[in-house]
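# Working through the structure, step by step
The chain contents come next:
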Amino acid sequence: LVSDTATQATERQAPSSTRVLDAVIGILAAAFGVAVGTLLAAFMGPQFAPIEVVASTAIDIPPAEVKEWATSTFGTATKSIVVAVVIVAVVAISAWAGVRSRRRPMLGAQVMLIAGVVGAVAALLRPVDSILAPIPALAAGLAAAIALLLMMRMSTREVITVTDDGTSSPQFELDRRGVLLGMGGVAVVGAVAFAGARWVTNRASAVASRVSTLLPTPTEPLAPLPTGVQAPVAGMTPFVTPNPDFYRIDTAVIVPQVDAQDWSLTFDGMVRRPFTITYADLLQMPMVERDVTIMCVSNPIGGDLIGTARWTGTPLMPLLERAGIEAGADQLLSTSVDGWTCSTPLDGLGDAEPLLAIGMNGEPLPIDHGFPVRMIIPGLYGFISATKWVTRIQATTYAAEPAYWTVRGWATDAPVLTGSRIDLPKGDVAAGANVIAGVAWAMAGDGISRVEVSIDEGPWLEATLAEQPTPRTWRQWWIDWEATPGRHGIVVRATNGLGETQTSEIRDVVPSGATGYDMRVIDVV
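From a predicted model like this one, the values you see are computed outputs, not experimental measurements.

### Remarks on unusual backbone geometry
Each neighbour pair has its own omega, and for F371 with P372 the value is 10°, a cis peptide bond. Note that P372 resides in the loop between β10 (363–364) and β11 (374–376). That bond from L424 to P425 is cis: its omega, 0°, falls within 30 degrees of zero. Despite not being glycine, E353 has its phi angle at roughly 55°, a positive value. Tracing the backbone shows E353 in the loop between α12 (349–352) and β9 (355–360).

Shown next, in the form of structure tokens:
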């Protein structure tokens with residue numbers, strides 16, 4: 001696109017004042033490429049979008065220790081931070097490529113092509129079985145390279161200069177009109193591509209599907225929760241976590257958009273009768289309601305990666321019985337629509353009463369939480385039980401099919417450990433009558449039987465317990481505190497229905513959940 005003569009002359013005469021413009025041209029070229037790749041991905045699946053695959057792979061590559069540090073430090077913002085880092089890197093690299101292209105146009109184009117190849121490799125590393133996965137990233141790199149060369153060519157014009165002796169020589173200078181036309185054209189086409197991608201994605205998005213979904217009446221409905229489940233303490237955590245406030249931890253950078261009409265779930269692997277069901281099939285099955293607290297294994301002591309909801313769904317065990325699991329299988333390997341895998345031990349699974357959930361707190365599942373269908377298995381940490389957007393369940397063995405977190409050093413069997421948390425007070429308080437309150441949970445035995453609080457390393461004081469509708473939910477507790485001025489340390493511990501008190505031993509979340517007492521330091525003024 002750029003002649004050798006123009007390139008050589010540009011290398012000799014490009015003024016430094018164009019560097020900012022060239023950087024903008026590089027960034028615009030990269031944005032154009034991303035727009036083209038995103039448009040292609042809109043037809044193939046949003047998970048194939050260039051920024052998505054690179055960010056997702058960046059999340060997958062680090063060792064478990066780094067992932068855990070990121071989750072504990074940034075919580076639900078981790079994925080947004082990774083996406084931001086990827087975008088900043090793309091901007092910086094493309095700006096540099098634009099500046100270098102003024103003197104060496106092909107160098108900038110090569111950088112864009114290499115970036116596309118990097119994105120294609122990242123797509124191949126994703127756990128999505130599709131040979132088409134690299135196409136959007138490769139198309140993005142090619143489109144960015146062409147756009148960069150085009151804008152560089154249009155931004156330069158040849159001027160014939162005649163010297164005193166009558167000879168003429170070509171000179172090359174910035175063509176302002178060409179700059180406007182080139183950059184304007186790329187920007188307009190890129191914007192149309194982005195808009196088209198958004199239109200296609202929204203058209204096929206799960207939003208309309210979720211809005212049109214009506215939950216069937218459960219065959220086993222639950223009565224409304226008694227008022228006694230909520231501690232009578234101002235500012236206390238709600239017993240039922242509102243859907244917008246429910247924690248979300250998963251590996252999906254872009255939330256999968258699944259239309260319920262297109263969803264299906266296959267049961268296969270070590271089974272005698274493999275089969276597939278649709279969402280319409282699922283709606284015809286008996287529906288139950290269950291109040292269940294679920295927790296992420298990455299929840300630190302005192303953390304908020306835990307919540308309680310009333311889930312609506314169909315029991316999973318009858319479907320497994322229909323499939324007929326063969327002898328020798330020791331796990332269920334469930335797969336999300338984006339390729340993420342989860343291993344669940346088969347031993348004792350029936351006692352947990354697992355669900356294929358379609359509703360959450362009286363609504364169809366929020367898209368962020370797995371619409372149209374997810375798994376809920378009480379008593380197990382989410383990384384081995386709570387597959388969102390589930391599309392396949394295999395009966396297999398741990399040796400044959402290690403799951404996503406298994407190969408990263410996490411446990412294969414991780415029951416939720418007995419624990420407790422201090423929620424109040426949240427900060428400094430005035431001297432006098434106060435209340436210390438929080439939540440506790442235990443999936444063993446009959447739930448929480450006792451919660452105790454120690455103030456300033458004093459004796460353990462038994463707290464008052466709110467009602468617990470089922471052992472599979474957390475339980476609220478509180479204790480009156482006549483606070484005196486000064487700094488005070490508060491510690492809490494819980495005991496389950498088997499008489500087992502949570503351990504004070506401090507243990508990291510890896511590989512099967514954190515242990516230790518939650519402690520707070522409160523200044524009383």
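So much for the structure itself; the text now carries on.
### Describing the sheet that holds strand β12 (residues 390–396)
The five strands are arranged β4-β3-β12-β7-β8 in an open sheet whose pairing can be described as mixed. Strand pairing shows two members of the sheet lacking a second neighbour, β4 (275–278) and β8 (341–345), which therefore form its edges. Neighbour to neighbour, the strand axes of the sheet diverge by 20° on average, direction disregarded. Sheet topology places strand β3 (residues 264–269) next to β4; four bridges connect them, and they run antiparallel. Of the residues in β4, the one forming a bridge with F267 is F275.

### Some words on the pairing of β9
Burial of β9 is extensive: six of the six residues sit out of reach of the surface. With five bridges connecting them, strand β6 (residues 306–315) and β9 associate as antiparallel partners. Within β9, the residue paired with T314 across the bridge is L356. Inspection of the sheet shows β9 paired to β11 by three bridges, in the antiparallel sense. Paired with A357 across the two strands is R374, which belongs to β11. Relative to β10, β9 is paired through two bridges, and the arrangement is antiparallel. The residue bridging G359 from the neighbouring strand is P364, located in β10.

### Examining a nonpolar patch on the surface
On the surface, I61, V117, V121, L125 and L138 cluster together into a nonpolar patch covering about 470 Å² of accessible area. Looking at the element boundaries, V117 is found in helix α6 (residues 105–125). Assessed through its relative accessible area of 44%, V117 is described here as partly exposed.

### Things to note about a positive patch on the surface
Together, R19, R100, R103 and R104 make up a region of like positive charge exposed at the surface. Residue placement: R104 occurs in the loop between α5 (78–101) and α6. Residue R104 is classed as partly exposed on the basis of its relative accessible area, which comes to 43%.

### Notes on the sheet that holds strand β14 (residues 432–441)
Pairing in this open sheet of four strands is antiparallel, and the strands run β13-β14-β18-β17 from one edge to the other. Whereas interior strands pair on both sides, the edge strands pair on one side only; in this sheet they are β13 (419–424) and β17 (464–465).

### Some details on the pairing of β13
Within β13, six of the six residues are buried, which leaves the element mostly enclosed by the surrounding structure. Direction of pairing for β13 relative to β14: antiparallel, over a ladder of five bridges. Counted as the bridge partner of L424 is A437 from β14.

### Some points on the nonpolar core
Judged by nonpolar contacts, the single largest core of 79 residues is most densely connected at F267, I277, L282, W311, L356 and I393. Counting residues in hydrophobic clusters, the runner-up holds 20 residues, among them V111, M112, A145 and M152.

### Quick word on the state of the cysteines
Using the criterion set out here, one finds zero disulfides in the structure. C296 takes part in no disulfide bond, and the closest cysteine sulfur to it belongs to C342, at a distance of 12 Å. Exposure remark for C296: the relative accessible area of 10% places this residue in the buried category.

The rules behind the values
- Residues numbered from 1 in each chain as written.
- Predicted model: local features only at pLDDT ≥ 70, side-chain atom pairs only at ≥ 80, totals over all residues.
- Heavy atoms only, no water.
- Helix = DSSP H or I, 4+ residues; strand = E, 2+ residues; numbered from the N terminus.
- Pairing = 2+ DSSP bridges.
- Axes fitted to C-alpha atoms, helices over the stretch in contact; angles between N-to-C directions.
- Buried < 20%, exposed > 50% of the residue type's maximum accessible area, 1.4 Å probe, protein only.
- Patch = residues over 30% accessible without salt bridge, like charges linked within 9 Å, V, L, I, M, F, W, Y side chains within 5 Å.
- Areas by Shrake-Rupley, 256 points an atom, 1.4 Å probe, with all protein chains shown as cover.
- Salt bridge = Lys/Arg side-chain N within 4 Å of Asp/Glu carboxyl O.
- Lys, Arg positive; Asp, Glu negative; His and termini not counted.
- Charge placed at Lys NZ, Arg CZ, Asp CG, Glu CD.
- Core = buried A, V, L, I, M, F, W, Y, C linked by side-chain atoms within 4.5 Å.
- Disulfide = S-S within 2.5 Å.

By themselves these figures say nothing about function.
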